[in-house]
Structures are given as C-alpha cells and as structure tokens.
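# Per-entry structural report
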Amino acid sequence: MSLLCQKNSYLQEYQSPVRSCQPSSLNVNGKHCQGFDIVLEDSIFFPEGGGQPYDTGLLDDQKVINVRRDGNQAILFVEGDHCRFDCGHQPLQKIDWNRRFDHMQQHSGQHLITAVALKYFNLLTTSWNLGAEISNIELDSTQITDETIEQLEQKVNEKILENLPITISYRDKDDLADIRQQMELPDDLNAHSLRIVSIESLDKNPCCGTHVSSLSHLQMIKLLGTQKGKKGKTLLFFLSGNRVLKHMNNILVREKLLSTSLKCTAEEFVPIVDKLQKNVRRLQKNCTSAMRDLARCEGEKYLNLLDKPRLYSIHRKECEYDFVTSFFNTIGDPTSIIGDRLILISLADDCNSLKSPGQIVIAGNQLLVEKSAKIAIDSFDAKGSVSSGRFRARIPDVSKLPKFEQMITKQSLMSNEN
Ligand SMILES: [Zn+2]
C-alpha cells in the first residue's frame, strides 16, 4: 500500500480524479449505512492499518465516514442516497485533521515507547491498541516495576527533547537484518519492498501508518500505569501529544469541582476524604442501631395493640431491609401471633420521591398472604415470591400502595365472611 497519505502524512487537503463510484452499504460503528464506495486516483485518507484507525473527513461537501483498504487502494465510504461522483471529477479531499494528527501522535508515540523499552529495558512489545482516549502497549513481561515505568517515561521524553527525525524508506524483503520487528503483512499486499518507519539512531520498523516527521511533534508522552495482560504480558497505558494536555485539563476540571464540593484545596483532598469516610462509617453504624431500635419499638407497639386491625401497615422511606428482620424478630412467629390478619411493611428506595420504587413484605395468614401476593403481582407489577410464610417483592411505585391496601382489605374481609 502506498497512498499519498503515506508519502506525505501532513497533507490535509488534496484534489484527485475519481476512478470509480459504486453504490454500497456498510456497518459503521454498529449502524447499517447506505451510501457509495469511492476510489480516487490518489488518497490522503488513510484506511485502517498497523493498529491505526481510518480517517474521516469530507469529499467536496459529502461526509466520508469510513475508509477501508483493498489491496493497494483506499475505498472511501460516503453515506447518503444522492452523492454520486462522476469518474474523472476531482473532488476536494479534506481530512479531519484533529483526528488524523492525534492518530499520528499516538502511533509515532507507540513506536518511540516500543523502541526505548526494547533498547534500554529489554522489554519487547507484542501488540498495541490505539484507544479513543487512552492507548496501550502489550509488553512481553510480568516483572515491570513502578521504577522501570518512571525511567522509561523519562527516557522517552528525553528522546522527544533530542528532536530525532522520523523518516520513511522502502526496503527489499530480503534485506531486513537491522529491522526491529518483522510484522506479518497482509498477503494481498504482495510487496517486494517494505515500508520502513525509522526514528533516527533508535529504531527501524515495518509499518503502513501515518507518522509525525520528528519527535518534537509528539510534544510529550505520559505513561499512566500498567495492568495485568494476557498470560505473561503486561499492558502499559500511555498518552501522547495533545492527549496529555486534554487529560490534564480533565483532571483540573475534576479538581475544581471537588474543591468546591469539599471546600478545600487539592492538597487537602486525601485527609478530608479520609475524615469524611470515617464519619460516614460512624453515622451508618449509628443509623443501623437506631433503625433496629425503631423496628423493635414498632414490633412491641403491634404486640401491645388490644384490638389488632385486619391489615396493619408500616411505611418507611428511610429504612433498609434490616428493619423488617428486626420487626419480625420482635413479634415472633407471624402465623401464630398474627392469626388471620396481615402485616404489610413497605420500604421506599428514594426517601425524596413520592413515586419511588421500593420493596414490600406481607406476612400473616398463609392463604391471605398468597392472595395478596397475586394482587401485587397482577395489578401492581410486583416482582417477588412467597417464602417461609412471607411475600417479599420489589414494586415500581410506592405511591400506589394505598390502592393496594384497599384491595387487600376488601379481599381480607371477604375471606372472613366466607
Ligand atoms: Zn506502526
């Protein structure tokens, strides 16, 4: 493959005659698209290759949303029903330069990290991935210390300071003795000569991608850390060029938001959050204890009722299921204590919303529990089941509980009449 974008990766606009234009359909980012496949005499649009994603941009005023490779040519896909380009017409190719230059910075950044990792730290790169926000290199080792990462980052940035040129050359396939890594190239390329990307005095590697012309165009590389990879491998995450600034800006925005929220400076984040977490744990403990006391009181209140109603309900907006457990522990076995009556307890998920989802528990007379469960499932979208004499279920809207209670009471009275 030798497209114009590979000869001069800095061309942002170019005009070249249309060689063919065919109706086509393509799946782009999971979406089925109808449009046209266009092949030009020469293309500054880069098709996917060497780990680098394809370019996007404009062909005249039509959006190019995908570029793929067929042998030595690039096929540009333009979406739409009316975007025919006549053969011989010379549309203006205009690539999305921000996207392309970002890809060039990540790809050349990968070559640099890979070369330095091998030369100075004996760490071999086995693959890499250019991510939408963060890229990674797969290293053939599991023994990479934080100190090595720090030294690698320093060395890589020293090379950027040296501003070494990056050049493209072509080599015969039989003459690759000093080449870093012979990657497997697609069979349909059938090239006798390979495209070699070289970083002066540091690296030579076969690659089809678009690259910056010198290391200074990488600006800076930041290594973000490692993660365990496939068997025997480690993933090293990195940012190159403008992504470092973008990442830094995101961190600053988050820092500002946190400073406002926590009412402190960034230096105080860790001690303040530690203190807050300790407070939250203490409050949770107090809250759980108070809730259990409350549940016991509610249980005793029920036991002391002289004239127990047919349906006794408790609605809590701020309690966990622990409340239900403590309540029933206090009143004992519901089937013997409650007799032919029912107890309904509801717990809302969100105490600030009237229509919050939540959960319900119904206990008491076995037959009535089963009948109530059926009403809850059939008429109130409850999801749950009867187990050990209790019906426990999730409900989508606690505001409908009064209506539900009316229906149970009616059923309960009818059952009594029978
Ligand atoms: Zn490459």
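Above this text you will find the structure in question.
This write-up is about the structure you can find in this document. (Residues numbered from 1 in each chain as written. Predicted model: local features only at pLDDT ≥ 70, side-chain atom pairs only at ≥ 80, totals over all residues. Heavy atoms only, no water.)

When its secondary structure is counted, the chain shows 9 helices and 19 strands. In summary, the chain has a C-alpha radius of gyration of 34 Å against a globular reference of 22 Å for 418 residues, an excess of more than 25%. Its C-alpha atoms give the chain principal-axis dimensions of roughly 100 × 55 × 40 Å. The burial tally for the chain puts 43% of its 418 residues in the buried class. Taking the intrachain contacts of the chain between residues at least 6 apart in sequence as the baseline, contacts between residues at least 24 apart amount to 65%. Split by element, the accessible area of the chain, about 23,000 Å² in all, is 50% carbon and sulfur. Charged side chains of the chain number 51 positive and 53 negative; the gap between the two group centres comes to 7 Å. (Helix = DSSP H or I, 4+ residues; strand = E, 2+ residues; numbered from the N terminus. Rg over C-alpha atoms; globule rule 2.2 N^0.38 Å. Buried < 20%, exposed > 50% of the residue type's maximum accessible area, 1.4 Å probe, protein only. Contact = heavy atoms within 4.5 Å. Areas by Shrake-Rupley, 256 points an atom, 1.4 Å probe, with all protein chains shown as cover. Lys, Arg positive; Asp, Glu negative; His and termini not counted. Charge placed at Lys NZ, Arg CZ, Asp CG, Glu CD.)

Our next topic: the layout of surface pockets. Size it by volume and the largest pocket reaches roughly 380 Å³. Taken together, 15 residues line the largest pocket, and the ones lying closest to its centre are Asp 102, Ala 132, Glu 133, Arg 243 and Lys 246. Listed by contribution, the elements that provide at least two residues to the lining of the largest pocket are helix 2 (97–121) and helix 4 (242–262). Looking at the lining of the largest pocket, its residues break down into 5 nonpolar, 5 polar and 5 charged. (1 Å grid on protein atoms, 1.4 Å probe; cavity = no way out; pocket = protein on both sides within 12 Å on 5 of 7 lines; lining within 4 Å. Points joined across faces, edges and corners; volume = space filled by probe spheres on them. Nonpolar A, V, L, I, M, F, W, Y, C, P; charged D, E, K, R; others polar.)

Taken as a whole and judged by the stated rule, the model has 17 salt bridges. A salt bridge links Lys 159 to Glu 162; the nearest nitrogen and oxygen atoms lie 3.8 Å apart. Remark: Glu 162 and Lys 159 occur in helix 3 (residues 146–162); sequence separation between them is 3 residues, near one turn of the helix. Judged by relative accessible area, Lys 159 falls into the buried class, the value being 9%. The network of salt bridges with common partners includes Arg 310, Asp 340 and Arg 341. (Salt bridge = Lys/Arg side-chain N within 4 Å of Asp/Glu carboxyl O.)

Most peptide bonds are trans, and most residues other than glycine sit at a negative phi. Its identity as a non-glycine residue notwithstanding, Asn 122 has a phi of 55°, on the positive side. Within the element layout of this structure, Asn 122 appears in the loop between helix 2 and strand 8 (125–129). For Asn 122, a relative accessible area of 66% translates into the label exposed.

Helix length check: helix 2 (25 residues) gives 34 Å between terminal C-alpha atoms against 36 Å at 1.5 Å per residue, within 8%. Across the 25 residues of helix 2, 19 count as buried, placing the element largely inside the fold. Where helix 2 begins, the side chain of Asp 96 points an oxygen toward the backbone nitrogen of Asn 98, at a separation of 3.3 Å. Directly beyond the C-terminal end of helix 2, a positive phi value near 55° is found at Asn 122. (Expected span 1.5 Å × (residues − 1). Polar contact = N/O pair within 3.5 Å; in protein donor to acceptor, adjacent residues only side chain to side chain.)

In this structure, Glu 298 sits in helix 5 (residues 269–304). One buried charged side chain, Glu 298, makes no salt bridge at all; its nearest oppositely charged neighbour is Lys 301, positioned 4.0 Å away. Aside from chain neighbours lying at most four places away, what touches Glu 298 is Tyr 312, Ile 314, Arg 316, Phe 323 and Phe 327.

Here we come to the environment of Lys 301. Within the element layout of this structure, Lys 301 appears in helix 5. By relative accessible area, Lys 301 is classed as partly exposed at 48%. Spatially, the C-alpha atoms of Lys 301 and Ile 331 are 9.5 Å apart, while their sequence positions differ by 30 residues.

To continue, consider the sheet that holds strand 7 (residues 92–95). Taken in spatial order, the 7 strands line up as 1-7-4-5-6-3-2 in an open sheet, and their pairing is antiparallel. The open sheet has two edge strands with one neighbour each: strand 1 (13–15) and strand 2 (18–28). Adjacent strand axes in the sheet meet at a mean angle of 35°, parallel and antiparallel pairs treated alike. In this structure, strand 3 (residues 31–40) lies alongside strand 6 (residues 73–79), joined through 5 bridges in antiparallel fashion. By the bridge assignment, Phe 36 is partnered in strand 6 with Val 78. (Pairing = 2+ DSSP bridges. Axes fitted to C-alpha atoms, helices over the stretch in contact; angles between N-to-C directions.)

The next point concerns the state of the cysteines. Disulfides are covalent bonds that link the sulfur atoms of two cysteine residues. One pass over the structure, following the stated rule, counts 0 disulfides. Summary of cysteine pairing: Cys 208 is not part of a disulfide, and the nearest cysteine sulfur, belonging to Cys 207, is at 5.4 Å. (Disulfide = S-S within 2.5 Å.)

Pairing within the open sheet is mixed, and its 5 strands lie in the order 15-16-17-19-18. A single partner strand is all that each edge strand has here, and the edge strands are strand 15 (311–316) and strand 18 (383–387). Recorded for the sheet is a direction-independent mean angle of 10° between the axes of neighbouring strands. Bridging between strand 17 (residues 358–364) and strand 19 (residues 390–395) involves 6 bridges; their strand directions are antiparallel. Paired with Gly 358 across the strands is Ile 395, a residue of strand 19. Its contacts with the sheet place helix 6 (residues 322–331) against strand 15, strand 16 (342–348), strand 17 and strand 19, and it is angled at close to 155° to strand 16.

Helix length check: helix 4, at 21 residues, gives a terminal C-alpha distance of 30 Å against a target of 30 Å (1.5 Å per residue), a fit within 8%. Along helix 4, the residues that are buried comprise Arg 243, Val 244 and Leu 262. In an axial view of helix 4, the angular spread of the buried residues amounts to 100°, which keeps them on one side of the axis. In helix 4, the exposed residues that point more than 90 degrees away from the buried face are Leu 245, Lys 246, Val 253, Lys 256, Leu 257 and Thr 260. Looking at the buried positions of helix 4, the neighbouring elements they touch are helix 2, strand 9 (135–139), strand 13 (221–228), strand 14 (234–240) and helix 5. (Arc of directions from axis to C-beta.)

Among the secondary structure elements, Leu 26 is positioned in strand 2. Put simply, Leu 26 and Phe 77 are 51 residues apart on the chain and 8.1 Å apart in space, counted from C-alpha to C-alpha. If near-sequence neighbours (up to four positions away) are discounted, Leu 26 is found in contact with Lys 31, His 32, Cys 33, Asn 66, Arg 68 and Phe 77.

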